[in-house]
Amino acid sequence: QVQLIESGGGLVQAGGSLRLSCAASGRSFSGYAMGWFRQAPGKEREFVAGIRLGTNYADSVRGRFSISRDNAKNTIWLQMNTLKLEDTGVYYCAASSRTTLGVQPSMYDYWGQGTQVTVSS
């Protein structure tokens with residue numbers, strides 16, 4: 001019943017922008033910390049951005065990416081600007097029942113299926 005479904009990934013040139021969406025269903029996630037993670041080829045899954053009452057960003061994306069949410073719509077977004085080649089990867093939406101923002105994947109209880117983001121030169 002509980003689902004997180006990402007959308008908005010695709011192919012974009014370096015310097016361009018994309019906005020990812022994560023639509024949740026099955027329950028309200030208004031009280032949950034929500035996060036975006038990504039996994040690049042040959043690398044481990046890494047934290048990108050998180051939001052509960054406040055926001056947190058990985059150093060590699062700070063100033064370029066912005067996370068937002070609308071609890072009434074049970075949806076979160078990741079606005080990605082000034083994309084770089086190293087931003088390429090599968091992006092995952094995740095939800096944590098913890099009341100603090102975490103950066104470790106093991107802290108998150110629910111995961112989406114992922115959406116591919118490919119940045120080209």
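This structure is a prediction, so every number in the text was calculated from the model and none was measured. Numbers given for residues are sequential positions, taken from 1 along each chain in its written order. Thresholds applied to this predicted model are a pLDDT of at least 70 for local features of residues and 80 or more for the giving and counting of side-chain atom pairs; totals over whole chains, interfaces and linings are not thresholded and use all residues. Side-chain numbers here rest on the full set of heavy atoms in the structure, without hydrogens or water.

Draft legend 1. Layout of the overall build of the protein. When you go through the protein residue by residue, the secondary structure sums to zero helices and eleven strands. Radius of gyration means the value over C-alpha atoms here, while the globule rule gives 2.2 Å times the residue count to the 0.38 power. Relative to its length of 121 residues, the protein is compact, with a C-alpha radius of gyration of 13 Å against a globular reference of 14 Å. The positive count covers Lys and Arg only, the negative count covers Asp and Glu only, and His and the chain ends enter neither. We put the charge of a Lys on NZ, of an Arg on CZ, of an Asp on CG and of a Glu on CD. Both charge centroids of the protein, one from 12 positive and one from 8 negative side chains, sit 5 Å from each other. The helix and strand labels rest on DSSP assignments: H or I over at least four residues marks a helix, E over at least two residues marks a strand, and numbering proceeds from the N terminus.

Draft legend 2. Broad picture of the sheet that holds strand 8 (residues 75-80). Pairing between two strands is assigned when DSSP locates at least 2 bridges connecting them. Here we have four strands laid out as an open sheet, ordered 1-3-8-7, and antiparallel in their pairing. Edge positions in the sheet fall to strand 1 (3-7) and strand 7 (65-70), since each of these pairs with one other strand and no more. Each strand axis lies, on average, 15° off the axis of its neighbour in the sheet, ignoring direction. As paired strands, strand 1 and strand 3 (residues 18-25) are joined by five bridges and run antiparallel to one another. If you follow Ile5 over to strand 3, its bridge partner there is Ala23. Angles run from 0 to 180 degrees between N-to-C directions of axes, and those axes are lines fitted to C-alpha atoms, restricted for helices to the stretch in contact.

Draft legend 3. Examining the nonpolar core more closely. Ranked by internal contacts, the top residues of the largest apolar core, which has 27 residues, are Met34, Trp36, Leu78, Met80 and Tyr91. Going through the elements one at a time, strand 3, strand 4 (33-39), strand 5 (46-51), strand 7, strand 8, strand 9 (89-96) and strand 11 (115-120) are the ones with two or more residues in this core. When residues of this core are assigned to their parent elements, the largest contribution, four residues, is made by strand 3. Nonpolar core, defined: a set of buried Ala, Val, Leu, Ile, Met, Phe, Trp, Tyr and Cys residues in which side-chain atoms within 4.5 Å join the residues together. Burial classes follow relative accessibility: with a 1.4 Å probe on protein chains only, a residue under 20% of its type's maximum area counts as buried, one over 50% as exposed, and anything between as partly exposed.

Draft legend 4. Main features of the environment of Thr115. Relative to the assigned elements, Thr115 resides in strand 11. Between the C-alpha atom of Thr115 and that of Glu6, which follows or precedes it by 109 residues, the distance is 6.0 Å. Filtering out sequence-adjacent residues up to four positions away, Thr115 remains in contact with Glu6, Ser7, Gly8, Gly9, Leu20, Gly89, Val90 and Tyr91. Two N or O atoms count as a polar contact when they lie within 3.5 Å, although within protein this holds only if one can serve as hydrogen donor and the other as acceptor, and sequence-adjacent residues are included solely when both atoms are side-chain atoms. From its side chain, Thr115 meets the backbone nitrogen of Gly9 in a polar contact 3.3 Å long. Contact definition: two residues touch when any of their heavy atoms are within 4.5 Å.

Draft legend 5. Expanded view of the state of the cysteines. Note on terminology: disulfide denotes any pair of cysteine sulfur atoms within 2.5 Å. In this structure the tally under the stated criterion is one disulfide. Each sulfur of the disulfide joining Cys22 and Cys93 lies 2.1 Å from the other. Given an S-S torsion of about -75°, the disulfide between Cys22 and Cys93 has left-handed geometry. With a gap of 71 residues between them, Cys22 in strand 3 and Cys93 in strand 9 connect regions that are remote in the sequence.

Just distances and angles here, no functional claims.
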